[in-house]
Amino acid sequence: MTTIPSRLAQVTRISSNPSEARTRVIDLYRAWVRAAPEIVELYALPVTPAYVRHCIRQKFEANRHVTDQRAIEILLLKGRQELQETLNIWKQPDHVMGILLQPNERPQRSFLQKFYEGRDEDSVRPAASGVV
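Computed from a predicted structure; not experimentally measured. (Residues numbered from 1 in each chain as written. Predicted model: local features only at pLDDT ≥ 70, side-chain atom pairs only at ≥ 80, totals over all residues. Heavy atoms only, no water.)

> Could you clarify how one ought to interpret the packing of helix H1 (residues 18-43) against helix H3 (residues 69-87) in this entry?
Between two packed helices, the angle of one axis relative to the other and the distance separating the axes together describe the packing. Here H1 crosses H3 at 20°, and the two axes come no closer than 10 Å. What the angle tells us is that H1 and H3 run roughly parallel. Handedness of the H1/H3 crossing: left-handed. Here Pro18, Ala21, Arg24, Val25, Leu28, Ala31, Trp32, Ala35, Glu38, Ile39, Leu42 and Tyr43 of H1 lie close against H3, whose contacting residues are Gln69, Ile72, Glu73, Leu76, Gly79, Arg80, Glu82, Leu83, Glu85, Thr86 and Leu87. Tallied by class, the residues present in the contact of H1 with H3 amount to 14 nonpolar, three polar and six charged. (Axes fitted to C-alpha atoms, helices over the stretch in contact; angles between N-to-C directions. Helix = DSSP H or I, 4+ residues; strand = E, 2+ residues; numbered from the N terminus. Parallel < 35°, antiparallel > 145°, perpendicular 65-115°, else oblique. Left-handed = near helix turned anticlockwise from the far one by under 90°. Contact = heavy atoms within 4.5 Å. Nonpolar A, V, L, I, M, F, W, Y, C, P; charged D, E, K, R; others polar.)

> Is there a simple way to think about the pattern of salt bridges in this case?
It is possible for side chains of opposite charge to pair when their charged atoms get near one another. With the rule as written, the count across this model stands at five salt bridges. Between Glu82 and Lys91 there is a salt bridge, with its nearest N and O atoms 2.2 Å apart. (Salt bridge = Lys/Arg side-chain N within 4 Å of Asp/Glu carboxyl O.)

> It is not clear to me how the environment of Ala35 should be interpreted in this structure. Could you clarify?
Secondary-structure assignment places Ala35 in helix H1. In this structure Ala35 comes out as buried when scored by relative accessible area, which is 4%. Taking the C-alpha atoms as reference points, Ala35 and Pro49, separated by 14 residues in sequence, lie 9.0 Å from one another. For Ala35, the contacting residues outside a window of four places in its chain are Leu83 and Leu87. (Buried < 20%, exposed > 50% of the residue type's maximum accessible area, 1.4 Å probe, protein only.)

> What is the right way to read the nonpolar core from this model?
Nonpolar side chains tend toward joint burial in soluble globular proteins. Trp32, Ile39, Leu45, Val52 and Leu101 are the most contacted members of the largest nonpolar core, which totals 21 residues. When residues of this core are traced back to their parent elements, those giving at least two are H1, helix H2 (49-62), H3 and helix H4 (93-100). Residue contributions to this core peak at eight residues, all from H1. In contact with Ile39, other than residues within four places in its own chain, are Trp32, Leu45, Thr86, Leu87 and Val96. (Core = buried A, V, L, I, M, F, W, Y, C linked by side-chain atoms within 4.5 Å.)

> Sorry if this is basic, but what is going on with the packing of aromatic side chains here?
Aromatic rings in a pair are described by how distant their centres are and how their planes are angled relative to each other. Applying the stated criterion across every chain, the model contains one aromatic pair. The interplanar angle of 75° and the centroid separation of 5.2 Å between the aromatic rings of Tyr29 and Phe60 together place this pair among those described as edge-to-face. Taken together, the residues span a long stretch of sequence, with Tyr29 in helix H1 and Phe60 in helix H2 at a distance of 31 residues. The exposure class assigned to Phe60 is partly exposed, which follows from its relative accessible area of 23%. (Phe/Tyr/Trp six-rings, centres within 6.5 Å; stacked < 30°, edge-to-face > 60°.)

Written as structure tokens, this is what we have:
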């Protein structure tokens, strides 16, 4: 298959209001869901398109709580970029399986486990979190 870099290219836009951003998020989600069978076929993944759709849904649901307009714009930009890179086969199958399809949640630890490790990562905010 021939790679056409401009196949999915779009001009970067900034949403003027939250409803426009919501519409753009839904459009991006639909593009990912529609591309699921093609992703499975292109990368010869040992999973079904339904599982890919499920993982895509989880990724979008993980960011459902985001309300900051600038953060939404960045997530939209990154999501569109990931879609373009995935469909243009600019990734290896291991990247798709590892980044897109594997959950990146840490296992739950008890208070004592955290205490023995000497840190409590849940109470520490990253420097660039934007939360004061």
